[in-house]
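In case you want the letters, here they are:
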Amino acid sequence: MTRFTGAGLDLPALRAIDLHVHIEVDDHGHLSMDEELINASAAYFKGDHGRTPTIDQIAETYRGLGMAAVVFTVDAGTALGHPPISSEWIAAEAARHADVLIPFGSVDPCRGADAVTQARRLVEEHGVAGFKFHPSLQGFSPDDSAHYPLWEALEELGVPALFHTGQNGIGAGLPGGRGIKLRYSNPLLLDDVAADFPGLTVILAHPSVPWQAEAISMATHKANIYLELSGWSPKYFPTELVRAASGMLRHKTLFGTDYPLITPERWLADFETLDVKPEAEPLILRENAIRVLGLDRAGINKDSLETPATPAAEEKLTDQKLDIINQVVS
């Protein structure tokens, strides 16, 4: 397998690209976390649609919605003492569903040089398009210089790094939060990373509550920092986040759900209720992801990524928005 190109995706046909979808079970029934953490997160998000769909079921869901999904696990083997789902397996399974699934890898930063070696192999031999990190769950501080060789490798490989930020549903409601420390998910810990590795695309996953202002400031200040909107129903988004995503950061904000914790149907239906400018919506739902993932280098017309703010264009974009909503709720 070679590096990821997105050649299997029919970009013009995709209605949206979900940048945040978890693979929580493999083909042998092995879970990404122990059952206590899985059950606690299910209770926190109050979902009734199934906590551990298979990768085939996820692919079918997104295929039916006319969307693509970035899929990954979180390798927190050192911190949790629980063997992770294989990122190599996820990459192979995503290749079977290359029309809808985009594989991200996960490596455990606490494994030092071994994590760097695995990251290179995942990109160059298994075709992952980026990486997911969860500092709180993995038990590390992103600004620790011990992890800088990993960030340097990802910068050299030219793939984005998606970091959990803000409030944490994993461990929520358990004594001591099962030892999971929220401070590792303060987005400001990634400001040093973005500054010291300007060629590394850093994506701040989720509304970064209680540090939302910090995240907005960072994305405004640094060209290589992006916001991503998964993990919360849009109806609960902080007002400052909606304003920024609709306005000055409309080219730097990405759609994500946190499926299976939140379904794309629910997310998009709630997104419809927000006061988001029509010209911002297609950027958030798909166009920004195309650029961040490098899919514009796979044949899409780059000129189409800039949306003219004319009355005719705004009317067209409104029609596109309604088309997306009707597709997922019908």
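Bear in mind the structure is a predicted one, so any value in this text is a computation, not a measurement. Residue positions are counted from 1 within each chain, in the order its sequence is given. Owing to the predicted nature of the model, reporting of local features is limited to residues with pLDDT of at least 70; listing and counting of side-chain atom pairs is limited to 80 or more, with chain, interface and lining totals taken over all residues. Hydrogens and water are ignored here; the side-chain numbers use all heavy atoms of the structure.

Draft legend 1. Structural context of the overall build of the protein chain. Helix numbers and strand numbers start at the N terminus; a helix is a DSSP run of H or I with at least 4 residues, a strand a run of E with at least 2. Scanning the protein chain from terminus to terminus reveals 13 helices and 8 strands. Note on exposure labels: buried denotes an accessible area under 20% of the residue type's maximum, exposed denotes more than 50%, and partly exposed covers the range between, all computed with a 1.4 Å probe on protein chains only. When the 330 residues of the protein chain are sorted by exposure, 59% land in the buried category. In what follows, residue pairs with any heavy atoms lying within 4.5 Å of each other are defined as contacts. Summarising the internal contacts of the protein chain: among those between residues at least 6 apart in sequence, 80% fall at separations of at least 24. In this description, accessible areas are obtained by the Shrake-Rupley approach with a 1.4 Å probe, and a residue is regarded as covered only by the protein chains that are shown. Carbon and sulfur atoms form 51% of the exposed surface of the protein chain, whose accessible area is close to 13100 Å².

Draft legend 2. A look at the environment of H30. Within the secondary structure layout, H30 lies in the loop between strand 1 (16-22) and helix 1 (35-45). Residue class for H30 comes out partly exposed when judged on its relative accessible area of 25%. C-alpha separation for the pair H30 and I85, spaced 55 residues apart in sequence, amounts to 7.1 Å. In this view, H30 contacts E24, V25, H82, P83, P84 and I85; residues no more than four positions away in its chain are not counted. A polar atom in the side chain of H30 sits 2.6 Å from the backbone oxygen of P83. In protein, a polar contact means a hydrogen-donor-capable atom and an acceptor-capable atom, both N or O and within 3.5 Å, with residues adjacent in sequence counting only if both atoms are side-chain atoms; elsewhere, any N or O pair within 3.5 Å suffices.

Draft legend 3. Main features of helix 9 (residues 212-221). Burial in helix 9 covers these residues: Q212, A215, I216, M218 and A219. Down the axis, helix 9 shows its buried residues gathered within 160° of arc, on one side only. Buried residues in helix 9 make contact with helix 8 (191-196), strand 6 (202-205), strand 7 (225-228) and helix 10 (239-246). The arc in question is traced by the directions running from the helix axis to the C-beta atoms.

Draft legend 4. How the structure looks around the pattern of salt bridges. The salt bridge definition used is simple: a Lys or Arg side-chain nitrogen within 4 Å of an Asp or Glu carboxyl oxygen. For the structure on display, the rule yields 9 salt bridges. Close ionic contact of D99 with R63 constitutes a salt bridge, the shortest N to O distance being 2.8 Å. Highlighted residues: D99 in the loop between helix 4 (87-96) and strand 3 (101-103) and R63 in helix 2 (residues 55-65), separated in sequence by 36 residues. Overall, the relative accessible area of 32% leaves D99 in the partly exposed class. The partly exposed category is assigned to R63, whose relative accessible area is 32%. Of the charged contacts in the structure, one is a salt bridge between E88 and R121, with a shortest N-O distance of 3.8 Å. On the criterion of sequence distance, the pair formed by E88 in helix 4 and R121 in helix 5 (residues 113-124) is long-range, its members being 33 residues apart. Residue classification places R121 among the partly exposed residues on the basis of a relative accessible area of 31%.

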